[in-house]
Amino acid sequence: MAQKSIRYGQYLGAIRRHHRQISYNQVVAMERAMPAGSGKLRALDVHRLLTPYISVRFLEQVRTVIPLALMLIGFQALALRTSPEEAEWIALGICAVMLGLMLFMEGVKLGLMPFAENIGFLMPARSGPMVLLGFGCLLGAAATFAEPAIGALQAAGASVSAERAGLLKALLGPYATWLVFAVAGGVGLAVILGLTRLMFAWRLKRLVMIVVPACLGITVYAASQPGLEKVVALAWDCGGITTGPVTVPLVLAVGIGVAASAGRGDNPLSGFGIVTLASLFPVMTVLGVAIYLNAQGALPAALPVLTPSWYQETPVAELLGAMRAILPLVLLLFIVQRVVLRYKMARRDVFVYGVLTALFGMMAFNLGLTAGLVELGNQAGNNVPWAFSTHRESGAPPLYPRWLGLSMTMIFAFCIGYGATVAEPALNAMGITVENLTDGAFKKRLLIRAVAIGVGIGAATGVAKILFDLPIARLLIGAYLLALLLTWFSREELVNLAWDSAGVTTGPVTVPLLLALGVGLGEAVGAAEGFGILAMCSVGPILSVLTFGLWIDYRARRDKQRRVA
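Description of the structure in this document. (Residues numbered from 1 in each chain as written. Predicted model: local features only at pLDDT ≥ 70, side-chain atom pairs only at ≥ 80, totals over all residues. Heavy atoms only, no water.)

1. Quick look at the nonpolar core
Of all hydrophobic cores here, the largest spans 153 residues; its most connected members are F135, L195, W236, Y480 and W499. The element contributing the most residues to this core is helix α4 (residues 87-126), with 15 residues. For Y480, the contacting residues outside a window of four places in its chain are V212, L216, W236, W499, S538, V539 and I542. (Core = buried A, V, L, I, M, F, W, Y, C linked by side-chain atoms within 4.5 Å. Buried < 20%, exposed > 50% of the residue type's maximum accessible area, 1.4 Å probe, protein only. Helix = DSSP H or I, 4+ residues; strand = E, 2+ residues; numbered from the N terminus. Contact = heavy atoms within 4.5 Å.)

Next comes the structure, spelled out in structure tokens:
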């Protein structure tokens, strides 16, 4: 088709023929002449405003939760030839999980994270170091007391054999308060050390090289003592569940604020590292308490099982759990900002909106988790051993030969670890922070996939520990020695990211699912306890992220050499 050329002046003239100029006074006069409206939004207007905003965030949660639910249902339907019970309630629970995740992530992003980062930035300049460290200790301890995953861990202790693991049974029974205080003290100490590191610009590499060998040393000692070897898996599991969807964003935000106040702006990930220490210190404190109790001799029998009170029943328990998880931390941050720092919030409405959104999101998430994903996980934990052993309720023979059933169980464990990690709200919060701090260089989706692969491998290894009665101490020592080796050759930024990813992979989604699976497998094979899966899920992402980062660095150096050549 032939093209016709025209002069630019002719083009402008043709365009100007369709233009009409009016004065600003005419516009104002026309606006004043219009009839006054009521100012109320119609239902159609609300739909046009909110639908584009909500649909994007809700579809993001659909892409993370639905594959996990379909995997749980599909494995039971195809491999175990069973279907979920009370499917209608499970479906409603899954919808509540997705709605809760959407609201929670929005609330954390708008309300809690900027609030905590502001405190971390202002406190070093307006108060002394001791006040800052004391606040960090209180923040870590309060977050631990409010963490709902601790309750899930204690509930799993009902399946522990008192004859074969008496000390472990006592820690989860009459000495449960000792356990919680040990974990809270460990997290508080970890936050103190983490903030001190940021103030004095200590490298996380050096701290990891000191703290991890200390954890491994006390683990070796506990594993060599009769009665203590069964507590090792519990201690490392405690290190994996102390950081949840509330604690991680707040601790990260405070650390980032302190790092910015200290002038470490050249390293976008310098605020990370506190979560790493919060995952390691509880291991030492829990084992220290266990060593002390073991030295006291005889332990009292487990407390009798009491009928739950009305506030311990669903749905009241989930609502109160959400309030315990969020409100104390918000109150602590508010008091510090107003009383200690004497700083007024610039946008109080945004802060209130964020807190309320996070609170209602966590409520919906807890309700949906109990009725949806946790119920699916419990059913899977009860049915999966049927693949290689006799059904413990009906007495039916195994569905498959033992080697095939065990292989299917290992693959299922990998899938459940991978899927649960993708749906973890704490990891999503960390991914948003990483993507913002690196200006999009490290995508949130890339981080989530790398961490999920590590958690999947860790879950499969933890299941193997239960199935084949492998010593958890040897698995942990070997894995962490390899992690230390990779850490030695990695950049500081990658070390911060990889080790912090271990602390955010186990939360309200992962913990109940993997604990239910471990309890079911432990009872099926006659194990004394079913702990250890969470511990392996914590070290797995460290190895995967470090390996992935070293490979990316290698390819970048190779491409640079090729361009130079």
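What follows picks up the thread again.
2. Quick word on the environment of G405
Within the fold, G405 resides in helix α15 (residues 402-422). Relative accessible area serves as the criterion here: at 0%, G405 is assigned to the buried category. A C-alpha to C-alpha distance of 8.3 Å links G405 and S389, two positions 16 residues apart in sequence. Discounting chain neighbours no more than four positions away, the residues touching G405 are A387, F388 and Y400.

3. Concerning the packing of aromatic side chains
Going through the model one piece at a time under the given rule, you end up with eight aromatic pairs. Arranged with centres 5.7 Å apart and planes meeting at 20 degrees, the rings of F200 and W202 form a pair that is stacked. A relative accessible area of 37% means that W202 is categorised as partly exposed. Measuring from ring centre to ring centre gives 6.2 Å for Y480 and W499, while their planes differ by 35 degrees; the resulting arrangement is tilted. Taken as a pair, Y480 in helix α18 (residues 472-488) and W499 in helix α19 (residues 492-501) lie far apart in primary sequence, 19 residues in all. Both residues of the pair, Y480 and W499, belong to the buried class. The rings of Y175, W178 and Y292 are connected pair by pair, giving a single aromatic cluster. (Phe/Tyr/Trp six-rings, centres within 6.5 Å; stacked < 30°, edge-to-face > 60°.)

4. Comments concerning the pattern of salt bridges
As enumerated under the stated definition, the model contains two salt bridges in all. Two residues, R203 and E492, come together in a salt bridge whose shortest N-O distance is 3.5 Å. Of this pair, R203 sits in the loop between α8 (176-199) and α9 (204-223) while E492 is found in helix α19, placing the two residues 289 residues apart along the sequence. For R203, a relative accessible area of 37% corresponds to the partly exposed category. Salt bridges sharing common partners tie together R197, R203 and E492. (Salt bridge = Lys/Arg side-chain N within 4 Å of Asp/Glu carboxyl O.)

5. Observations concerning α18
Over its 17 residues, α18 extends 24 Å from the first C-alpha to the last, a length consistent with the 24 Å expected when each residue adds 1.5 Å. Within α18, the full set of buried residues consists of I472, A473, L476, A479, Y480, A483, L484, L486 and T487. Buried residues of α18, viewed axially, fall in a sector of 160 degrees; they line one side. Exposed residues on α18 whose side chains face more than 90 degrees from its buried face are R474 and W488. As for α18, its buried residues are in contact with α9, α10 (232-241), α17 (444-467), α19 and α21 (533-564). (Expected span 1.5 Å × (residues − 1). Arc of directions from axis to C-beta.)

None of the figures reported here should be taken as evidence of function without further support.
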